[in-house]
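# A closer look at the structure
Residue strings, one per chain:
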Amino acid sequence: MPNDAPLATRFDEWQAQGFDAEACPVRNVLDRIGDKWTSLLLVALAAKPRRFSELHRAVPDISKRMLTQSLRDLQRDGLITRHVFPTKPPSVEYRLSPLGQSAMAPLASLIDWAERSFAKIKASRAAFDAADTSEHVAAA
């Protein structure tokens, strides 16, 4: 039996029950984990707790507004915690929560796969784009 058979069986069960976007873990939870910034922020926090500015330096292409929103979303989902220290001015530090730490093993597997597969994916995209371009030229 192939390794993906249990996933296919679960998918069939979900279909039989009818998809409820609010109750569906694939849509609900993986939507957050698959977000453009979430994985990078979780990995950055896996190394150590960080302040906002440290996270911004760790992921320099994220805007401050998007970083703020992403951190709020991760905190809302219970993946990170926010700690305010009574200094002048107050300092804030973000840490992985136990739930966030539990996401690291499956996330590491996905990141490993992405690193191993990136060259093949890029080549596939280039081949697809070249074929798509030639189809458009032929149709014109």
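Predicted model, so just to flag it, every value in this text is computed and none were measured.

All right, on to the pairing of strand β3 (residues 91-96) then. Burial of β3 is extensive: five of the six residues sit out of reach of the surface. In the sheet, strand β1 (residues 50-51) pairs with β3 via two bridges, with the strands oriented antiparallel. Residue Arg50 lies in a different strand from β3, and its bridge partner there is Tyr94. With six bridges connecting them, strand β2 (residues 80-85) and β3 associate as antiparallel partners. Directly across from Val84, in β3, lies its bridge partner Val92. Hairpin connection of β2 to β3: five residues between the antiparallel strands.

Attention shifts here to the nonpolar core. Ranked by size, the top nonpolar core spans 19 residues in total, and within it Leu41, Leu42, Leu55, Ile80 and Tyr94 carry the most contacts. Of all the secondary-structure elements, those providing two or more residues to this core are α3 (38-47), α5 (64-76), β3 and α7 (104-139). Per element, the largest residue contribution to this core is four residues, and it comes from α3. Residues within four places of Leu41 in sequence aside, it is in contact with Leu55, Val59, Ile62, Leu67, Ser70 and Leu74.

Now for the environment of Pro106. Structurally, Pro106 can be placed in helix α7. Note on Pro106: relative accessible area 53%, which makes it exposed. Considered as a pair, Pro106 and Leu79 are 27 residues apart in the sequence and their alpha carbons are 14 Å apart.

Our focus in this paragraph is the UniProt feature "domain: HTH hxlR-type" (unreviewed entry) in the protein chain. With numbering matched to this structure, UniProt assigns "domain: HTH hxlR-type" (unreviewed entry) to residues 24-122. The span residues 24-122 is 64% helical and 14% strand by assignment, and the distance between its end C-alpha atoms comes to 31 Å.

Turning our eyes to something else, we now look at the sheet that holds β2. Taking strand neighbours across the sheet as the criterion, the three strands line up as β1-β3-β2 in an open arrangement whose pairing is antiparallel. A strand with exactly one partner marks an edge of an open sheet, and here the two such strands are β1 and β2. Packing against the sheet, α3 makes contact with β1, β2 and β3, and its axis sits at approximately 100° to β3.

Conventions adopted
- Residues numbered from 1 in each chain as written.
- Predicted model: local features only at pLDDT ≥ 70, side-chain atom pairs only at ≥ 80, totals over all residues.
- Heavy atoms only, no water.
- Buried < 20%, exposed > 50% of the residue type's maximum accessible area, 1.4 Å probe, protein only.
- Helix = DSSP H or I, 4+ residues; strand = E, 2+ residues; numbered from the N terminus.
- Pairing = 2+ DSSP bridges.
- Core = buried A, V, L, I, M, F, W, Y, C linked by side-chain atoms within 4.5 Å.
- Contact = heavy atoms within 4.5 Å.
- UniProt positions renumbered as here; feature names shortened; annotations may be inferred.
- Axes fitted to C-alpha atoms, helices over the stretch in contact; angles between N-to-C directions.

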